[in-house]
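Listed here are the chains, written in short residue letters.
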Amino acid sequence: KSHIKEVEAFQSEDLQQIEEFRIKYLGKKGLMNDFFKAFKEVPNEEKKEFGKTLNELKTLATEKVKELKEALENKQEEIGVYGDLTRPAEPSEIGSRHPISIVKNQIIEIFANIGFNVSEGPEIEDDWHNFTALNLPEHHPARDMQDTFFVQRDPKDILLRTHTSSVQVRYMEENQPPIRTISPGRVFRNEDISARSHCIFHQVEGLYIDKKVSFSDLKQTLLYFTKQLFGKSKIRLRPSYFPFTEPSAEVDIYWGLETETDYRITKGTGWLEIMGCGMVDPNVLTNCNIDPEKYSGFAFGMGIERIAMLLYQIGDIRMFYENDARFLEQFKSSI
Ligand code: PHE
């Protein structure tokens, strides 16, 4: 009876072990043969019971061997065809977001938290939306500030937008204040490609128009934004010129002078220029059917590449467009 238990419990996936088990029970000099020999010695009244147990044991042992060998063969067959299905799978590659998208989404979220929506517009623009409506009439010298790629010059100018201010024009034409919108997107300028500038890059521009919007609202918004994005909010506004804003300013952030890199990227001053801004020129409001007597507003614009280069300490703008996996893989953990 104890042998029946042993046979029932036996498990193995090793051919050698199974073979040893078979020989132990069913081999010529195996236990079964010993038991059958011993059978003769068993008293007559116990023969029936003993014989039954012996047969049971033999069947069990025979079936066990057959079962285990079959299981082993099936497994080997599977491995032959599919490889070992019980092995852990190859880790699958998960892609990563492009650093430009990561930073763009961060900027969008920061402004969404203070009520800005997102607006988009076409990359191929007409002269009106990219220049004229923005207080840059034909032959205005400031048109040369942004070297333009033209798609068509006659009968009217069609071009690749040089900034996403064109989206703000479209938005104002279709919406009355209060307006709080940011316009992220790709822009194009006919510039030489170098480590610091490219002919294709990305911007986020912002526009806020309502009753009594003042320059101090602009400054508070910029303080909030820089604190959120960089964790620093020491900024300064330098007087500047844009045709579509008056007054206009360039925004610098105090980056510090703690490391070698700080020295290098701030040219030893600790200050870094991050965007342009100003109060929307009344002419622009009029051009877009908004009454400048009733409303005022501010606008700002920044290059996403520039911000991403600061945040991630990227030294060459061309890396954003080369799609080198060694570069892109480094942004895997970011969302
Ligand atoms: N459109 C400007 C540029 O592309 C940036 C800007 C936007 C400046 C809004 C002031 C106000 O350079």
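Residues numbered from 1 in each chain as written. Predicted model: local features only at pLDDT ≥ 70, side-chain atom pairs only at ≥ 80, totals over all residues. Heavy atoms only, no water.

Q: How should the sheet that holds strand 2 (residues 124-126) be read in this particular structure?
A: Backbone hydrogen bonds hold the strands of a sheet together, and the pairing may be parallel or antiparallel. Here we have three strands laid out as an open sheet, ordered 2-4-3, and antiparallel in their pairing. Lying at the two open borders of the sheet, with one neighbouring strand each, are strand 2 and strand 3 (150-152). Across the sheet, the mean angle separating the axes of adjacent strands is 35 degrees when strand polarity is ignored. As paired strands, strand 3 and strand 4 (residues 158-160) are joined by two bridges and run antiparallel to one another. Bridging across to strand 4, phenylalanine 150 finds its partner in leucine 159. (Pairing = 2+ DSSP bridges. Helix = DSSP H or I, 4+ residues; strand = E, 2+ residues; numbered from the N terminus. Axes fitted to C-alpha atoms, helices over the stretch in contact; angles between N-to-C directions.)

Q: Can you help me understand the layout of surface pockets in this one?
A: Any space left empty among the atoms is revealed by the rolling of a water-sized probe across them. Its volume calculated, the second largest pocket comes out at about 220 Å³. As for the second largest pocket, its lining consists of 15 residues, and the residues nearest its centre are Lys104, Pro184, Gly185, Arg186 and His202. Elements that contribute at least two residues to the lining of the second largest pocket include exactly helix 5 (99-112), strand 5 (179-188) and helix 12 (319-322). The residue inventory of the lining of the second largest pocket, partitioned by class, reads five nonpolar, five polar and five charged. (1 Å grid on protein atoms, 1.4 Å probe; cavity = no way out; pocket = protein on both sides within 12 Å on 5 of 7 lines; lining within 4 Å. Points joined across faces, edges and corners; volume = space filled by probe spheres on them. Nonpolar A, V, L, I, M, F, W, Y, C, P; charged D, E, K, R; others polar.)

Q: What should I look at first to understand the packing of aromatic side chains in this one?
A: Any two aromatic rings considered together are summarised by their centre-to-centre distance and by the angle between their planes. Per the counting criterion, the structure on display carries 16 aromatic pairs. With centroids separated by 5.5 Å and ring planes inclined at 80 degrees, the aromatic side chains of phenylalanine 230 and tryptophan 255 adopt a geometry described as edge-to-face. One end of the pair, phenylalanine 230, is in helix 8 (residues 215-230); the other, tryptophan 255, is in the loop between strand 8 (245-254) and helix 9 (260-265), with 25 residues separating them in the sequence. In this structure, phenylalanine 230 and tryptophan 255 share a single accessibility class: buried. (Phe/Tyr/Trp six-rings, centres within 6.5 Å; stacked < 30°, edge-to-face > 60°. Buried < 20%, exposed > 50% of the residue type's maximum accessible area, 1.4 Å probe, protein only.)

Q: Is there a simple way to think about the UniProt feature "binding site: Mg(2+)" (unreviewed entry) in the protein in this case?
A: When the UniProt feature table is mapped onto this chain numbering, "binding site: Mg(2+)" (unreviewed entry) sits at Glu246. Tracing the chain through its elements places glutamate 246 in strand 8. Beyond its immediate sequence surroundings of up to four residues, glutamate 246 is in contact with Met279 and Asp281. (UniProt positions renumbered as here; feature names shortened; annotations may be inferred. Contact = heavy atoms within 4.5 Å.)

Q: Before we go on, may I ask you to explain the side chain of threonine 148 in this structure?
A: Inspection of the secondary structure assignment puts threonine 148 in the loop between helix 6 (127-130) and strand 3. For threonine 148, the residues in contact, after removing those within four places along its chain, are Phe131, Leu159, Leu160, Thr162 and Asn190.

Q: Please explain the UniProt feature "domain: Aminoacyl-transfer RNA synthetases class-II family profile" (unreviewed entry) in the protein as it appears in this structure.
A: Here, the residues flagged by UniProt with the feature "domain: Aminoacyl-transfer RNA synthetases class-II family profile" (unreviewed entry) are residues 103-322. End-to-end, the C-alpha atoms of residues 103-322 are 18 Å apart, and along that stretch the chain is 30% helix and 31% strand.

Q: Got a minute to help me understand the site of the ligand in this structure?
A: Close to the ligand lie 14 residues; His163, Ser165, Arg189, Gln203 and Glu205 are nearest. Side-chain polar atom of histidine 163 to a nitrogen atom of the ligand: 3.1 Å apart, as the coordinates give it. At 2.8 Å from an oxygen atom of the ligand is found a side-chain nitrogen or oxygen belonging to arginine 189. Within the complex, the protein chains bury 92% of what would otherwise be the 320 Å² of accessible surface of the ligand. Of all the elements in the fold, those that place two or more residues in the shell around the ligand are strand 6 (200-210), strand 9 (271-280) and strand 10 (296-303). The leading source of residues in the shell around the ligand is strand 10, at three residues. Each residue belonging to the shell around the ligand can be placed in one class, and the counts come to five nonpolar, seven polar and two charged. (Near = heavy atom within 4 Å. Polar contact = N/O pair within 3.5 Å; in protein donor to acceptor, adjacent residues only side chain to side chain. Areas by Shrake-Rupley, 256 points an atom, 1.4 Å probe, with all protein chains shown as cover.)

Q: Can you walk me through helix 4 (residues 44-82) in this structure?
A: Residues spaced three or four apart along an α-helix face the same direction, because each turn holds 3.6 residues. The end-to-end C-alpha distance of helix 4 is 57 Å, a good match for the 57 Å that 39 residues give at a rise of 1.5 Å each. If you follow the buried residues of helix 4, they end up packed against helix 1 (2-9), helix 2 (15-26) and helix 3 (31-39). At the C-terminal side of helix 4, glycine 83 shows a positive phi close to 85 degrees. (Expected span 1.5 Å × (residues − 1).)

Q: Honestly, a nonpolar patch on the surface in this entry has me stumped. Any pointers?
A: On the surface, Val81, Tyr82 and Leu85 cluster together to form a nonpolar patch covering roughly 370 Å² of accessible area. Looking at where valine 81 falls in the secondary structure, it is placed in helix 4. (Patch = residues over 30% accessible without salt bridge, like charges linked within 9 Å, V, L, I, M, F, W, Y side chains within 5 Å. Salt bridge = Lys/Arg side-chain N within 4 Å of Asp/Glu carboxyl O.)

Q: Any chance you could explain the pairing of strand 7 (residues 235-242) here in plain terms?
A: Where strand 7 and strand 8 come together, seven bridges link them in antiparallel fashion. Residue pairing in the sheet places proline 239 in a bridge with alanine 249 of strand 8. What sits between the antiparallel neighbours strand 7 and strand 8 is a turn of two residues.

Q: Sorry, what's going on with the confidence of the model for the protein here?
A: The predicted coordinates of low-pLDDT regions are not to be read in fine detail. Taken as a whole, the protein shows an average pLDDT of 91; of its residues, 99% reach a score of 70 or greater. Here the prediction assigns the complex a pTM of 0.74, and the interface score ipTM is 0.98. (pLDDT = per-residue confidence, 0-100.)

Q: Hey, could you run me through the packing of helix 3 against helix 4 in this one?
A: For any two helices packed against each other, the geometry is given by the interaxial angle and the distance between the axes. Put simply, helix 3 and helix 4 touch, their axes get as near as 11 Å, and they point 170 degrees apart. Taken together, the axes of helix 3 and helix 4 are roughly antiparallel relative to one another. Classified by chirality, the crossing of helix 4 by helix 3 is left-handed. Contacts between helix 3 and helix 4 involve Met32, Phe35, Phe36 and Phe39 from the first element and Lys47, Phe50, Gly51, Leu54, Asn55, Leu57 and Lys58 from the second. Taken together, the residues that form the contact of helix 3 with helix 4 break down as seven nonpolar, two polar and two charged. (Parallel < 35°, antiparallel > 145°, perpendicular 65-115°, else oblique. Left-handed = near helix turned anticlockwise from the far one by under 90°.)

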